[in-house]
Amino acid sequence: MVTVIAKITAKKDKINEVEKLLQSLITPTLMEIGCKQYDLYRSITDNNIFFFHEIWNHKKYLDIHLKTERFLKTTQEITPLLECPIEISLVNKIIN
């Protein structure tokens, strides 16, 4: 299993657009093979920071997801709306 934490920082004047684009990924991604969890969060302390917490059965399924037309199109649309590049961390859970 692989867990992903992705940090997305929207420009202050683009928060609503970024949120809408991120939300558009949730339902179709949850239907992808190997996706166990795909949750979107917003920072409590900084309204323009979003996080995805994702769990995939195997890295190969994550790799497939990252190459889907939907994901690539959304990435292209969202990039100019961001303060900085998306930060992605692959992590392992320490205690079950």
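Peer 1: Tell me about the nonpolar core, and name the residues and values.
Peer 2: Counting residues in each nonpolar core, the largest one holds 19 residues, and the members touching the most others are Ile8, Val18, Leu22, Phe50, Phe52 and Trp56. Of all the elements in the fold, those that place two or more residues in this core are strand E1 (2-9), helix H1 (15-30), strand E2 (35-42) and strand E3 (49-56). Among the elements that line this core, the one with the most residues is H1, at 5 residues. The residues touching Leu22, leaving out its near neighbours within four places in the chain, are Ile8, Leu40, Phe50, Phe52 and Ile78.

Peer 1: How would you sum up the pattern of salt bridges? Please name residues and give values.
Peer 2: Close approach of charged atoms allows side chains of opposite charge to pair. For the coordinates displayed, the defined rule picks out 6 salt bridges. One salt bridge in this structure joins Glu32 and Arg70, with 2.3 Å as the shortest N-O distance. You can see Glu32 sitting in the loop between H1 and E2 and its partner Arg70 sitting in helix H3 (residues 69-78), a full 38 residues away along the chain. For Glu32, a relative accessible area of 15% translates into the label buried. Residue class for Arg70 comes out partly exposed when judged on its relative accessible area of 28%.

Peer 1: Explain the environment of Leu82 residue by residue, including any values.
Peer 2: Relative to the helices and strands, Leu82 resides in the loop between H3 and strand E4 (87-91). Among the residues examined, Leu82 registers a relative accessible area of 8% and is labelled buried. Sequence-wise, Leu82 and Arg70 are 12 residues apart; in three dimensions their C-alpha atoms are separated by 18 Å. Every residue in contact with Leu82, bar those within four places of it in the chain, is listed here: Ile8, Thr9, Ala10, Lys11 and Val18.

Peer 1: Tell me what's going on with a nonpolar patch on the surface, and back it up with residues and numbers.
Peer 2: A cluster of nonpolar side chains, contributed by Ile86, Ile88 and Leu90, occupies part of the molecular surface with about 270 Å² of accessible area. Counting through the fold element by element, Ile88 comes out in strand E4.

Peer 1: Help me get a handle on the side chain of Thr74, residues and values and all.
Peer 2: Counting through the fold element by element, Thr74 comes out in helix H3. Residue Thr74 is classed as buried on the basis of its relative accessible area of 8%. Here Arg70 takes part through its backbone oxygen, which lies 2.9 Å from a polar atom of the side chain of Thr74. In this view, Thr74 contacts Leu21, Ser24 and Leu25; residues no more than four positions away in its chain are not counted.

Peer 1: Account for the sheet that holds E3, naming residues and giving values.
Peer 2: Ordered by their spatial adjacency, 4 strands build an open sheet running E2-E3-E1-E4, and the pairing between neighbours is antiparallel. Here the strands that pair on one side only, and so sit at the sheet edges, are E2 and E4. On average, each strand axis in the sheet is tilted by 15 degrees relative to the strand beside it, whichever way the strands run. Sheet topology places E1 next to E4; 5 bridges connect them, and they run antiparallel. Its bridge partner lying in E4, Ile5 is registered against Ser89. Strands in contact with H1 are E1, E2 and E3; relative to E2, the strand with the most contacts, it is inclined by about 165 degrees. Taken strand by strand, helix H2 (residues 59-66) contacts E1, E2, E3 and E4, and its axis lies near 130 degrees from that of E3.

Cut-offs and rules
- Residues numbered from 1 in each chain as written.
- Predicted model: local features only at pLDDT ≥ 70, side-chain atom pairs only at ≥ 80, totals over all residues.
- Heavy atoms only, no water.
- Core = buried A, V, L, I, M, F, W, Y, C linked by side-chain atoms within 4.5 Å.
- Buried < 20%, exposed > 50% of the residue type's maximum accessible area, 1.4 Å probe, protein only.
- Helix = DSSP H or I, 4+ residues; strand = E, 2+ residues; numbered from the N terminus.
- Contact = heavy atoms within 4.5 Å.
- Salt bridge = Lys/Arg side-chain N within 4 Å of Asp/Glu carboxyl O.
- Patch = residues over 30% accessible without salt bridge, like charges linked within 9 Å, V, L, I, M, F, W, Y side chains within 5 Å.
- Areas by Shrake-Rupley, 256 points an atom, 1.4 Å probe, with all protein chains shown as cover.
- Polar contact = N/O pair within 3.5 Å; in protein donor to acceptor, adjacent residues only side chain to side chain.
- Pairing = 2+ DSSP bridges.
- Axes fitted to C-alpha atoms, helices over the stretch in contact; angles between N-to-C directions.

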